[in-house]
Every structure is written in C-alpha cells, then in structure tokens.
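Residue strings, one per chain:
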Amino acid sequence: MSRMPLPADRLVQPRLVGYDPTHPRPWLERIAYTLFFSALWVMVILAYGAVPALFRHYGWLSTTAGFLIYAAVEAVFAFLLAAVVALILIVVLRKYLGKVQERVGPMHYGPAGVFQTVFDALKLLGKEDFAPKRVDWLIFRLAPAIVFVSAFLLMVALPVAGGWVMADLNVGLLYIVAVSTLGAYGVVLGGLSQGNKWGLLGGFRAGAQLVSYEVPLALALLSVGVYSGSLRLSDVVEHQYGLWHVVPLFLSFLVYLVASIAELKATPFDLPEAESELVAGYNTEYSGMSFAFFFLAEFVELFLLPGFMVVLFFGGWHGPLFGLEPGSFAAGVLQSLYFLVKVAVWVWIFLWIRATLPRFRDDQLMDLAWKGLLPLALVGLLVAAFLRMFLEVL
C-alpha cells in the first residue's frame, strides 16, 4: 500500500499512539495479530480445559454447591471468551476491509490501531441506552438479550479438543438448530418492537431470511448426523479419523457454508440491516449497550459458525500429537491450537466474502434459499444416507 498523504494545513492532526500512517509497519500489525490469537488461545484453554480440570482434580463437582460454583465460573469465562472474540474480530474486520479497499483502517489508538475496539466498547458503555416513546418497551429490551443469549448458549456445545467441551450433549446437532432459531426470534422481535418503518422492514426481512436459510442449514446438519451415526458433536469429530466429512459430504458442506453466511446477516446477505436502504434495519433505534449486545452476538457467531463447520466437516481438533498421550491436558492444549488455526482460516474466508461480493436483491435471496440450497440439501441428505448404508454393508 502506498503512503497516505496528510495535508500540511490540516487543522486537526491525527492522534498517533505508537503508529504513523505515513510510515506503515506491517511487522507491527503481524505482532498485534499474533498477540490477539495468543490471547484467544489462552482464553479457550482456561474456559474449556483448565477450569474443568481444576474442579475435577479436587473433586468439587461431586457436591451440589461445587457444581453450582463450577457453572457460575464457567459462565463468567464463557462471557469473557465471547468478549475477547468480539474485540478481536471487530478490529480484524476493520483492518481487513481497509486492506481490500486500499485504506489503512483503524490507526489512531495503540500500535497499528489495535486498541480501537477497546475504546469503542468504552464509548458504548458510556452512551445513554435510549428508547423512543413508541416502542414496545418490554420486547424492545428483551430482544438484544435474546440474541446475545442465543450466541452465548451455542458456545456451550462447541468442542475444541478431546474432552474439552462445556456440555457434551447427546443431541448436539439438534441443540445447534434449536438455539440458532432462538436468535432469529430476537432479531425479528427487535425490529417489530420499534414503532419505526425501518425497523419493521428490517424485522420482516430478517424473519424471512433467517427462517428460509435455517431449513437447508438444518438439513446439512442432519446429513452429518446420518453419515456419522450420532448427534453428539464429539462423536462426529471422532468419526473423521482418516477422512474428513468434507470429502464424502461436499454438497452438505456447500449448503452449510452459504446458509451460515446468510445466518450471520453479513454481505452479501445483509438485507435485514442494509444501511443504504433501511438506515440500520432491525437495530435502527438501539443505542448504548442494547446495540452492543446485537453487535457482540454477531461477531461471536462469526467465530462459532466457522467453529461448528470445522467440527462437522474438517476433523475438529484432529492433528499430530507428537507423542503426547491422548486425553492429557498437554494434548488438549495442542488440539485446541489445531482447532483455532482451522477456525481462523475459515473466519478469514468469511471476511473475504464479506469484503468482495455485492448485496443480493430480495428475490435473489429467496430464490437461492428455496430453489437452490433446499434441493441441494435434500440431495446431500440422500447421499449421506446412501453412504451410511454402504458403510454398514461393508
């Protein structure tokens, strides 16, 4: 990228804290991204590995009080992990969009602008959480909480390493469908409760889009369950030793990829909050922490949906252990690193799609769901069933 000229007569010069946009230092950005990834890795180790191991080691889970304390501590760490994920992904998105559009992105706060999101979070904490007079107050306040709790609950079922999962549910695939549907209700209610035509249109668009794309998404998840013979996510990962599911279930993978981008409501599927048409769509009237909850949930899902993609189609945490004993804490640490690297690759691909593709029209959006993805999802389900029968015969 060429240097960005700054006019000599500029009245307000930029506040430079460790970074000069006229002298780019890419190595500083790489160091910042490495520290971001390391912080995320540490939080994953603490939330999914260290805390459960500590409680099991001292036998605290055998008592009701110990279990309740464990649940509370895990909830706190899950919230902190969600906050760290959102802070990292927001600044990464801004910097990546800047690179694509040939600008520098955030640059004023911290080395390479890496503290920009921290100051944005502090700004939202200090803003008034205003509600217009015409809103349905109860639903208006509940909607952001529903959306955030939906993303928060999905973290419970995400396995990041062998035995490292907050709740290893035997119906994990169905749990994903149920909880993601809960988030759709929050978005729709948030738009409809505002007494505002932009929010109303955004809510209608969100309802149509999310319901339409949850059908092929659920069929793609069902295809994985049929082929692996289990709805438990840890069993799905174990079934991929030797061959990742993306090979035999490639059609289901494509359906999941497109439908998950639509569930994120990001470009090219950002019709529910299209700035050029609806101001901000379903969150037009939200401010302060209510808006922050919508924003936080969106970026937590940007981590979780690629995370579940890795679990379902790309072998989860599988990788060489270099002599470490499977099931040990050291092996879990290494497996969580494999998992996060795979997730980081797919997060970058999601951002790449967001930065390059134009927005669909409303009719194109619906046609893609019902005339394109739904038939492909049904074919993928049939392929999964046939392959399962073939494997049982062998």
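Residues numbered from 1 in each chain as written. Predicted model: local features only at pLDDT ≥ 70, side-chain atom pairs only at ≥ 80, totals over all residues. Heavy atoms only, no water.

Draft legend 1. Inspection of the packing of aromatic side chains at higher detail. Going through the model one piece at a time under the given rule, you end up with 23 aromatic pairs. Here Tyr286 and Phe294 contribute two aromatic rings whose centre-to-centre distance is 4.9 Å and whose plane-to-plane angle is 70°, an arrangement assigned as edge-to-face. Note on accessibility: Tyr286 and Phe294 belong to one class, buried. Taken together, Trp244, Phe250, Phe253, Tyr256, Phe313, Phe314 and Trp346 form an aromatic cluster joined through their ring pairs. (Phe/Tyr/Trp six-rings, centres within 6.5 Å; stacked < 30°, edge-to-face > 60°. Buried < 20%, exposed > 50% of the residue type's maximum accessible area, 1.4 Å probe, protein only.)

Draft legend 2. Focus on a nonpolar patch on the surface. On the surface, Leu87, Phe115, Val118, Phe119, Leu122, Leu125 and Met289 cluster together into a nonpolar patch covering about 620 Å² of accessible area. Per element, the largest residue contribution to the nonpolar patch is four residues, and it comes from helix H3 (residues 116–126). Tracing the backbone through its elements, the reader meets Leu87 in helix H2 (residues 64–100). Of the residues examined, Leu87 reaches a relative accessible area of 32% and is grouped as partly exposed. (Patch = residues over 30% accessible without salt bridge, like charges linked within 9 Å, V, L, I, M, F, W, Y side chains within 5 Å. Areas by Shrake-Rupley, 256 points an atom, 1.4 Å probe, with all protein chains shown as cover. Salt bridge = Lys/Arg side-chain N within 4 Å of Asp/Glu carboxyl O. Helix = DSSP H or I, 4+ residues; strand = E, 2+ residues; numbered from the N terminus.)

Draft legend 3. Quick look at the pattern of salt bridges. Counted by the stated rule, this structure contains six salt bridges. The residue Arg232 makes a salt bridge to Asp235 at a minimum N-O spacing of 3.6 Å. Its relative accessible area of 25% is what places Arg232 among the partly exposed residues.

Draft legend 4. Structural view of the nonpolar core. By size, the foremost hydrophobic cluster in this structure holds 103 residues, and its most contacted members are Tyr48, Tyr256 and Phe313. For this core, the leading source of residues is helix H10 (residues 288–313), giving 15 residues. Lining this core are residues from two domains, each supplying at least three of them: domain 1 (24–126) and domain 2 (136–393). Excluding residues that lie within four positions of it along the chain, Phe313 makes contacts with Val224, Gln240, Trp244, His245, Val246, Leu249, Ser252, Phe253 and Tyr256. (Core = buried A, V, L, I, M, F, W, Y, C linked by side-chain atoms within 4.5 Å. Domains from an automatic or database assignment. Contact = heavy atoms within 4.5 Å.)

Draft legend 5. Seen up close, the domain arrangement of the chain. Per the domain assignment, the segments making up the chain are domain 1 (24–126) and domain 2 (136–393). Measuring from the centre of the C-alpha atoms in domain 1 to the corresponding centre in domain 2 gives 20 Å. Between domain 1 and domain 2, the residue contacts involve 27 residues of the former and 31 residues of the latter. At the boundary of domain 1 with domain 2, total buried surface from both sides reaches about 2800 Å², with 86% on carbon and sulfur atoms. Summed over the shared surface of domain 1 and domain 2, the number is zero salt bridges. Inspection of the region where domain 1 meets domain 2 yields three residue pairs in polar contact (both at pLDDT 80 or more). Take the side of domain 1 that touches domain 2: its biggest share by element is 16 residues, from H2. Taken together, the residues of the side of domain 1 that touches domain 2 sort by class into 25 nonpolar, one polar and one charged. (Buried area = accessible area lost by both parts, 1.4 Å probe. Polar contact = N/O pair within 3.5 Å; in protein donor to acceptor, adjacent residues only side chain to side chain. Nonpolar A, V, L, I, M, F, W, Y, C, P; charged D, E, K, R; others polar.)

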